[in-house]
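Structural overview
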Amino acid sequence: MTPEQGTSAPMALDRADVRVKHQTGLGGAVRSFLDRVRSGDLGSLPVVVGLVVIWTVFTSLNPVFVSSSNLVNLLFDCSTVGVIALGIVCVLMVGEIDLSVGSVSGFASAIVGTLWVNQGWPVALAIVAALAFGALIGSLYALLFNRLGMPSFVSTLAGLLAVLGMQLYILGSTGSINLPYGSALVDFGQLMVMPKWVSHTLAAIPGLAMLVSGLRTFARRRAANLSTPSATGLILRVAAITVGLELIVAYLNQSRGIPWMFGLFVGLAAAMNYALTRTKWGRSMTAVGGNREAARRAGIKVRAIYLSAFALCSTFAALGGVLAAARLASASQQAGTGDVNLNAIAAAVIGGTSLFGGRGSAYSALLGIIVIQSIASGLTLLDLSSSLRYMITGAVLAIAVIVDSLARRSRASHGRA
Amino acid sequence: MSESPETSVSVGELVLSLRGISKHFGAVSALTDIDFDVHAGEVVALVGDNGAGKSTLVKILAGVHQPSSGTINFRGSEVTLPDPRAALTLGIATVFQDLALCENLDVVANIFLGNELSPLRLDEVAMEMRAWTLLNELSARIPSVREAVASLSGGQRQTVAIARSLLLEPKLILLDEPTAALGVAQTAEVLNLIDRVRARGLGVVMISHNMEDVRAVADRIVVLRLGRNNGVFDPDASNQDLVSAITGASNNAVSRRAERLRAHRDSADSGQAKEQRQ
């Protein structure tokens, strides 16, 4: 039962069907990218285009926008809600939603404030307690969803109110707790940036990792008699990414440099991306989001997958809350309220994670939150009121969802998932 | 698929034995008191009209539904199938009528869904190779295993679903309408495949509405009607017997009228047409 391979001509195993057009070489890579975009498989193209437009507009209105110091502040602000958006990507992947991430983040900051400042716990222990609480809340949603069939939309909406109530309760009459300046946590959220050599080294890592894994795959595919992707394309991509990242880092290093907090966020996004694309768990998440019954019949423990998605989302929300408390040096009644919830969800959707489940990427949280925070930062620089900021952010979210829906329709008519 | 027939079941041994299986959905009895046997190296065709309970029976064996009563014996011991994973672990693979594929995943991911190689660092190259091997065994016409299943035609999806069922070296394969969406050549390939699977000593249960396909490969034909056993036939049984058992028409006004008309036709006369109009 060996595969029927070409007798003498070394025909690659996956190139035997003569009816299929295969794009080869560099030109082919570009052409197949254009084909994908035309059929509605947009990937992160809309967000990149959107980002260019937003930055151009704000820079023309106020040149300070693209100054190195403003962008460093932008990265500090991105990290807190960005971590929450990472969790939202998890629940959106399985086709569910968590509307309570803002409240959970606010309650987590309240826990840290109370336990650490008021009760005198070690700060690490207080953070662990906050994260554990997040995981607990997520597990509760999963329990309601798996056992009682409660739609996540409703259970998390109930959670939004209940957790907000708990936050107000433990903050009590004082209403806010100031975290001590000079402590490691507050420094991490406000001051700590990477030394120049560290940031330049880290910026070289993505390119190197791509190169190593790309060459390894190249060798293995050739040994296995499968077609190999264009090597020139790989090298060009690696070069572009490395040069691009190094230039960005060099520019940001002109002022304070890259925040460690942003480094943590990017590290988490990279870890989540690996987990979602290269592990069995990630494959199961995508399958459950795409076709729940098919996943069940393939033997996947669907309930466990939902549990992991909800628990991870709330844990990320709690971590985002801790980072936000560090950023503001306080745990207040306002923490996690207002637009935190919708900014996190909007970031994931704008970045290209589908609301319909089964499609998404951890990097969509990264790209999306940069868009959201760019709008916020730009409007703040223009001295516009928050009323206008809400309206514009709302419009951007609506556009993102429209693009998602249209792309989905186009994919369906072009025979892509 | 390894070359060596690693199955420990000797040919002819009873692989699967159902006794008194019933399944109720609320007030509806989908299955009543079904007895069903499959031996190793045997192809059993399961036929019946729409609503006869064929797919329900297959879903019970796949662990999708649980029987309301009755016992399932698999390879000599009584088993329960609380979920699809249990059935897969025992060695019962199923190709469902609706195929149960994830359209947003590519062909390789669908074939290996739930059984990925090296869970913490997916071995895409090995999985893609194995996928091509399985698909080539089925003489599949799949343009690319890296395309999402959404871009495949019905027949191509069928082939992917069958390839997936073979991945785990099952002891018993359940095929729910395996040839319904296939072209002439692919139908022949699937029937060839069923022959090959039988030759390796596996039990095969095949649901089909196509009597030609059923006769081509089946060793026994089990008829269900309205959720009950309605006879077991050899593949050389007459079409009339089979159709009667399927429709339940062997013993009623419709069948008697059909027989009378046939008798008239045999004595072919010019006055026959007038007689039939009466």
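Residue numbering note: each chain is counted from 1, following its sequence as written. Chain A is the first chain written and ligand 1 is the first ligand written, with later ones labelled in order. For this predicted model, a pLDDT threshold of at least 70 governs which residues receive local features, and a threshold of 80 or more governs which side-chain atom pairs are given and counted, while totals over whole chains, interfaces and linings are taken from all residues.

Residues are defined as contacting one another if the C-beta atoms placed from their backbone atoms lie within 7 Å. Taken together, the contact between chain B and chain A spans 36 residues of the former and 33 residues of the latter. Elements that contribute at least two residues to the side of chain B that touches chain A include exactly helix 2 (84-90) and helix 4 (124-137) of chain B. Helical segments are the DSSP runs of H or I of at least four residues, strand segments are the runs of E of at least two, and each set is numbered from the N terminus. Per-element tally for the side of chain B that touches chain A: the top contributor is helix 4 of chain B, with seven residues. Lys, Arg, Asp and Glu make up the charged group, whereas Ala, Val, Leu, Ile, Met, Phe, Trp, Tyr, Cys and Pro make up the nonpolar group; the residues left over, Gly among them, are polar. Class assignment of the residues belonging to the side of chain B that touches chain A gives a composition of 22 nonpolar, six polar and eight charged.

What follows covers the environment of glutamate 189 of chain B. Counting through the fold element by element, glutamate 189 of chain B comes out in helix 6 (residues 184-199). Once residues lying within four places of it in the same chain are set aside, the contact partners of glutamate 189 of chain B are Leu138 and Ser139 of chain B.

Attention shifts here to the nonpolar core. Residue and element names in this part refer to chain A. A set of buried Ala, Val, Leu, Ile, Met, Phe, Trp, Tyr and Cys residues, joined to one another through C-beta atoms within 7 Å, is what we call a nonpolar core. Counting other C-beta atoms within 10 Å of a residue's own tells you its class, since 20 or more makes it buried, 12 or fewer makes it exposed, and anything in between is partly exposed; those C-beta atoms are placed from the backbone. Core analysis: the biggest nonpolar cluster contains 188 residues, and Ala85, Ile88, Val112 and Ala309 have the highest contact counts within it. The biggest single contributor to this core is helix 13 (residues 302-328), with 17 residues. Where each domain begins and ends follows an automated or database-derived domain assignment. Inspection of this core shows a minimum of three residues originating in each of domain 1 (65-192 + 261-338 + 353-365) and domain 2 (193-258). Ignoring sequence-local partners within four residues, the contact set of isoleucine 88 consists of Asp98, Val101, Cys313, Ala344, Ile345 and Ala348.

All names here are of chain B. Sheet architecture is open: four strands sit in the order 2-1-4-5, paired in antiparallel fashion. Looking at the sheet topology across the chains shown, the edges are occupied by strand 2 (28-39) and strand 5 (77-79). If you compare each strand with its neighbour and ignore which way they point, the axes differ by 25 degrees on average. Bridging between strand 4 (residues 69-74) and strand 5 involves three bridges; their strand directions are antiparallel. Looking at the pairing, phenylalanine 74 lines up with serine 77 of strand 5. Helix axes are fitted to C-alpha atoms over the stretch in contact, other axes to C-alpha atoms as well, and angles between N-to-C directions run from 0 to 180 degrees. Strand contacts of helix 1 (residues 54-61): strand 1 (14-25) and strand 2, with the helix running at about 65 degrees to strand 2, the strand carrying the most contacts. When DSSP finds at least two bridges between two strands, those strands are taken to pair.

For the rest of this paragraph, the subject is the pairing of strand 2 of chain B. In the sheet, strand 1 of chain B pairs with strand 2 of chain B via eight bridges, with the strands oriented antiparallel. Among the inter-strand pairings, lysine 23 of chain B is bridged to a residue of strand 2 of chain B, identified as leucine 31 of chain B.

This part takes up the sheet that holds strand 6 (residues 92-95) of chain B. Residues and elements named next belong to chain B. As summarised here, the arrangement of the six strands in space is 6-7-8-3-9-10, forming an open sheet in which the pairing is mixed. In the strand order of this sheet, the two ends are held by strand 6 and strand 10 (228-233), each with one partner. The average angle at which neighbouring strand axes cross in this sheet is 20 degrees, direction not considered. Bridging between strand 3 (residues 43-48) and strand 8 (residues 203-207) involves four bridges; their strand directions are parallel. By the bridge assignment, valine 43 is partnered in strand 8 with valine 204. Across the sheet, helix 5 (residues 154-166) touches strand 6 and strand 7 (172-176), and the angle it forms with strand 6 is around 180 degrees. The strands touched by helix 8 (residues 239-247) are strand 3, strand 9 (220-225) and strand 10; relative to strand 9, the strand with the most contacts, the crossing angle is about 30 degrees.

All names here are of chain B. For strand 1 and strand 4, the ladder comprises five bridges, and the chain directions are antiparallel. Across the sheet, serine 22 pairs through a bridge with serine 69, a residue of strand 4. Counting the residues between successive antiparallel strands, the hairpin from strand 4 to strand 5 contains two residues, one of them, arginine 75, with a positive phi of roughly 50 degrees.

Let us look at the confidence of the model for chain A. Residue and element names in this part refer to chain A. Residues at a pLDDT of 70 or more form 93% of chain A, whose mean pLDDT is 89. pLDDT is a residue-level measure of predictor confidence that goes from 0 to 100. Per-element averaging of pLDDT across chain A places helix 1 (residues 25-38) at the bottom with 74 and helix 13 at the top with 97. Scored below 50 in pLDDT, residues 1-9 makes 11 contacts in the model with residues more than four places away or belonging to other chains.

A separate point is the environment of valine 28 of chain B. Residues and elements named next belong to chain B. The topology assignment puts valine 28 in strand 2. With 9 C-beta atoms packed within 10 Å, valine 28 lands in the exposed category. It is 27 Å that separates the C-alpha atoms of valine 28 and proline 178, two residues lying 150 residues apart in sequence.

The angle between the axes and the distance between the axes are what describe a pair of packed helices. Residues and elements named next belong to chain A. At a minimum axis separation of 7 Å, helix 4 (residues 101-118) and helix 13 run at an interaxial angle of 55 degrees. What the angle tells us is that helix 4 and helix 13 run oblique. The handedness of the crossing between helix 4 and helix 13 comes out as right-handed. Across the interface between the two elements, Val101, Val104, Ser105, Gly106, Ala108, Ser109, Val112 and Gly113 from helix 4 touch Cys313, Ser314, Ala317, Ala318, Gly320, Gly321, Val322, Ala324 and Ala325 from helix 13. Classifying every residue of the contact of helix 4 with helix 13 by side-chain character gives 10 nonpolar, seven polar and no charged. Put simply, angles under 35 degrees are roughly parallel, angles over 145 are roughly antiparallel, angles from 65 to 115 are roughly perpendicular, and the rest are oblique. Handedness of a crossing follows from how the near helix is turned relative to the far one, being left-handed for an anticlockwise turn of less than a right angle and right-handed for a clockwise one.

Now for the domain arrangement of chain A. All names here are of chain A. In terms of domains, chain A is made up of domain 1 (65-192 + 261-338 + 353-365) and domain 2 (193-258). The distance between the C-alpha centroids of domain 1 and domain 2 comes to 29 Å. Taken together, the contact between domain 1 and domain 2 spans eight residues of the former and nine residues of the latter. Counting residues per element, the ones that place at least two in the side of domain 1 that touches domain 2 are helix 3 (68-93) and helix 10 (260-278). Considering every element that reaches the side of domain 1 that touches domain 2, the biggest residue donor is helix 3, with five residues. In the side of domain 1 that touches domain 2, the residues fall into five nonpolar, three polar and no charged.

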